[in-house]
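Residue-level listing of the chains:
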Amino acid sequence: MAKLLVDCRVMKVVALLTFILVFGCMSSKSEWNRVDKPMETGNPLALIDKADRQIGEADSREKVLELINTYEAVLRIDPSNYEALWSLGSYYLLVGMGYPDNADGKESYYKKAMRFCERAMYTNPDFRGLIAQGEEPWEACGALSKKEIAAMYYWYAAHSAYWTECLGRTGRLLTRRLPSRIYKMMKRIGEVDPSWAEGRAYYAKAVYYAMLSDFYGGDLKKAAYFFRRCIKEGPDRLSRRWGRAKYFYTRKDNRKGFQEDLEWIIAKDPKTAKGTYPWNVYYQRDAKEMLTKIENYF
């Protein structure tokens, strides 16, 4: 009995520390709520052009990290460069999903993606004003416009990946408000431009409703509707069928649909398919891996 009481106390302490660490990391503004001064001089447009060329070749971890280095070089010259900021959100997310060092590396990359997206949103003066008044990004996102839609999307995607891949059952209970925060940002994307990137707002909703259990607001009927909608809007985008296979068909125990979607992805040319090449490479590689491990899903 005494040992049981000690174990319970230890578990409570661990849970409390987990809550403090996780919640503190998710809500802290200190890492992004500032405007840095330029550290170097140079031509940021030339570096953006270099990044555009690198995107067409970034098919490995090393090349994606080189691309990231180029965008970070832009920020040393122009710390508020919106394109560099949201792009770092996208490609740090990609490294976390596709090329992590380990499980801890995933979390680190996702949090970097979140912070760069928040810095990108911070270039909007109305959003910046609300943050100065004490609002959090998911509370202030109503001030964001179509210009900031990429930053909103990758913020949503990084938080979603963090939720699904980095938090166990206890962690999700301790951060149970996170899905509602993700929802607010996702909702704003649809408000400013539901047709952006051939219906990516619908794709965001599809994944959101598919990845969450009913307890946290998941809804497979809504997921099915939004997957149909986003695939209709962007039928040639690899992400749509990748997301449907990974998050929806696995929960519906639909092995046939899972296999068909992944085989469709594998048959495409990542260079010519819609979307960016580095992300298409990841979708195709992950599709192949999921097919080889299909027994783990069904």
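(A) Quick look at the packing of aromatic side chains. What the rule picks out here adds up to 26 aromatic pairs. On the basis of an interplanar angle of 50° and a centroid distance of 5.6 Å, the ring pair of Y153 and Y156 is categorised as tilted. Here Y153 and its partner Y156 are both found in helix α8 (residues 149-166), three residues apart, which amounts to about one turn of the helix. For the pair Y153 and Y156, one class covers both residues: buried. Judged by centre distance (5.0 Å) and plane angle (75°), the ring pair of F258 and F298 falls under edge-to-face. You can see F258 sitting in helix α14 (residues 255-266) and its partner F298 sitting in the segment after α15 (277-292), a full 40 residues away along the chain. You can call F298 partly exposed: its relative accessible area is 25%.

(B) The arrangement of the environment of A103 in detail. Mapped onto the elements of the fold, A103 is located in helix α5 (residues 103-121). Taking the relative accessible area as the measure of exposure, A103 reaches 60% and is therefore exposed. Note: C-alpha distance between A103 and C166 (63 residues apart in sequence) is 7.5 Å.

(C) Spotlight on the side chain of R244. Counting through the fold element by element, R244 comes out in helix α13 (residues 238-249). With a relative accessible area of 17%, R244 lands in the buried category. Aside from chain neighbours lying at most four places away, what touches R244 is F227, I231, Y249 and D261.

(D) Inspection of the nonpolar core at higher detail. L93 and Y156 are the most contacted members of the largest nonpolar core, which has 97 residues in total. With 13 residues, α8 is the largest single contributor of residues to this core. Not counting residues within four places of it along the chain, the set of residues in contact with L93 comprises Y110, A113, Y154, A157, A158, A161 and W279.

(E) Representation of the pattern of salt bridges within the structure. Taken as a whole and judged by the stated rule, the model has 18 salt bridges. Of the charged contacts in the structure, one is a salt bridge between K271 and E57, with a shortest N-O distance of 3.6 Å. With K271 in the loop between α14 and α15 and E57 in the loop between α2 (44-55) and α3 (61-77), the pair connects residues that are 214 residues apart, well separated along the chain. By relative accessible area, K271 is classed as partly exposed at 45%. Residue classification places E57 among the partly exposed positions, given a relative accessible area of 46%. Among the ionic pairs, E260 bridges to K256, the shortest N-O distance being 2.6 Å. Here the residue E260 and the residue K256 both occupy positions in helix α14, the gap between them amounting to four residues, near one helical turn. According to the relative accessible area criterion, E260 is partly exposed, its value standing at 41%. Under the relative-accessibility criterion, K256 is labelled exposed at 59%. In the salt-bridge network here, residues are joined through shared partners; they are K187, R188 and E191.

Rules used in this analysis
- Residues numbered from 1 in each chain as written.
- Predicted model: local features only at pLDDT ≥ 70, side-chain atom pairs only at ≥ 80, totals over all residues.
- Heavy atoms only, no water.
- Phe/Tyr/Trp six-rings, centres within 6.5 Å; stacked < 30°, edge-to-face > 60°.
- Helix = DSSP H or I, 4+ residues; strand = E, 2+ residues; numbered from the N terminus.
- Buried < 20%, exposed > 50% of the residue type's maximum accessible area, 1.4 Å probe, protein only.
- Contact = heavy atoms within 4.5 Å.
- Core = buried A, V, L, I, M, F, W, Y, C linked by side-chain atoms within 4.5 Å.
- Salt bridge = Lys/Arg side-chain N within 4 Å of Asp/Glu carboxyl O.

So yeah, pure geometry; function would need other evidence.
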